[in-house]
Amino acid sequence: QKEVEQNSGPLSVPEGAIASLNCTYSDRGSQSFFWYRQYSGKSPELIMFIYSNGDKEDGRFTAQLNKASQYVSLLIRDSQPSDSATYLCAASMDSNYQLIWGAGTKLIIKP
Amino acid sequence: DAGITQSPRHKVTETGTPVTLRCHQTENHRYMYWYRQDPGHGLRLIHYSYGVKDTDKGEVSDGYSVSRSKTEDFLLTLESATSSQTSVYFCAISTGTSSYEQYFGPGTRLTVT
């Protein structure tokens, strides 16, 4: 069974601090990894993707991938109350562009 | 905006009735997916399509059927709705490039009473 695991949270972080979200995956064949943000009552929105080992930065967001450890993380710098949401991690499957989804981590940024 | 719409956005129906949800996309993407999302379960794939009239089952396909007669439309049918099918249903597309990312429609909240 191919799985993506995330801590469900909630993860509470003070405004202005760094929020660190983590995800592990079981399928060594997964090549691409994605972070989606989902506000309550809304659909998931893609915020970052990463293919290569190491870090990828986009504004306040940094995705980190370690394929040897099968570990993906998302760092959010200078956290804002508007970052409060559930963050979903997904990994690619080598079949019809399917993704394996984690259950999500709820992030709360406290003013 | 990936040009994905879903209809209806909200529906309440009774146990045993058939229900059809529609997903419409404007950009002719080949791959389309239906998911359900329930608390504690994340997104679970119901069915997907890799072209007109080409569909396959996902991990939670029992009680659901799909059809895709045109590139732009992907229909999800609950043949006889049950209370366990109360959920939020999301349609998604993949551009089918090397990047694998998916983009989601706004969702349909279905309640089966």
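All values reported here derive from a predicted model rather than from experimental measurement. (Residues numbered from 1 in each chain as written. Chains lettered and ligands numbered in written order. Predicted model: local features only at pLDDT ≥ 70, side-chain atom pairs only at ≥ 80, totals over all residues. Heavy atoms only, no water.)

Engineer: Kindly report on the packing of aromatic side chains, identifying the contributing residues and their values.
Structural biologist: This structure, assessed with the given rule, holds 16 aromatic pairs over all chains. Centre to centre, the rings of Y36(A) and W101(A) are 4.9 Å apart; their planes meet at 55 degrees, and the pair counts as tilted. Within this pair, whereas Y36(A) is found in strand β4 (residues 33-38), its partner W101(A) is found in strand β10 (residues 99-101), the two being separated by 65 residues in sequence. Considered together, Y36(A) and W101(A) belong to a single accessibility category, that of buried residues. Residue classification places W101(A) among the buried positions, given a relative accessible area of 11%. Here the aromatic residues Y36(A), W101(A), Y33(B), Y35(B), Y48(B), Y50(B), F90(B) and F104(B) are joined through ring pairs into a cluster of three or more. In this structure, K56(A) is placed above the aromatic ring of F49(A), and the distance from its NZ or CZ to the ring centre is 3.6 Å. (Phe/Tyr/Trp six-rings, centres within 6.5 Å; stacked < 30°, edge-to-face > 60°. Helix = DSSP H or I, 4+ residues; strand = E, 2+ residues; numbered from the N terminus. Buried < 20%, exposed > 50% of the residue type's maximum accessible area, 1.4 Å probe, protein only. Lys NZ or Arg CZ within 6 Å of the ring centre and 35° of its normal.)

Engineer: Outline the environment of S30(A), listing residues and values.
Structural biologist: All names here are of chain A. Counting through the fold element by element, S30 comes out in the loop between β3 (19-25) and β4. For the pair S30 and A103, spaced 73 residues apart in sequence, the C-alpha to C-alpha distance is 17 Å. Among residues more than four places away in sequence, those in contact with S30 are Y25, A91, S92 and I100. (Contact = heavy atoms within 4.5 Å.)

Engineer: I'd like to hear about the layout of surface pockets, residue by residue, with values.
Structural biologist: Think of a ball as big as a water molecule: rolled over the atoms, this probe shows where empty space is left. Taken as a whole, the largest pocket spans an internal volume of roughly 660 Å³. Q38(A), Y39(A), S40(A), G41(A) and Q37(B) are, among the 29 residues lining the largest pocket, the residues nearest its centre. Residue assignment for the lining of the largest pocket shows that the elements contributing at least two residues are β9 (85-92) and β11 (105-110) of chain A together with β4 (31-38), β9 (87-94) and β11 (108-112) of chain B. There is about 560 Å³ of room inside the second largest pocket. (1 Å grid on protein atoms, 1.4 Å probe; cavity = no way out; pocket = protein on both sides within 12 Å on 5 of 7 lines; lining within 4 Å. Points joined across faces, edges and corners; volume = space filled by probe spheres on them.)

Engineer: Give me the lowdown on the interface of chain B and chain A, citing residues and values where you can.
Structural biologist: With 23 residues of chain B at the contact, the number on the chain A side is 21 residues. Of the roughly 1,800 Å² buried between chain B and chain A, counting both surfaces, carbon and sulfur atoms make up 57%. The largest contributions to the chain B side of the interface with chain A come from L43(B), Y100(B) and F104(B), which together make up 32% of the buried area. Counting the contacts that link chain B with chain A gives zero salt bridges. Looking at the side of chain B that touches chain A, the elements that each hand over two or more residues are β4, β5 (42-51), β9 and β10 (102-104) of chain B. If one sorts the elements of the side of chain B that touches chain A by residue count, β5(B) sits on top with five residues. (Buried area = accessible area lost by both parts, 1.4 Å probe. Salt bridge = Lys/Arg side-chain N within 4 Å of Asp/Glu carboxyl O.)

Engineer: Help me get a handle on the pairing of strand β6 (residues 54-58) of chain A, residues and values and all.
Structural biologist: Residue and element names in this part refer to chain A. In this sheet, strand β7 (residues 61-66) lies alongside β6 in antiparallel orientation, the contact comprising five bridges. Following the sheet pairing, K56 is matched in β7 by A63. Taking the residues that link successive antiparallel strands as the turn, the β6-β7 hairpin has two residues, and the phi of G59 there is positive, at about 65 degrees. (Pairing = 2+ DSSP bridges.)

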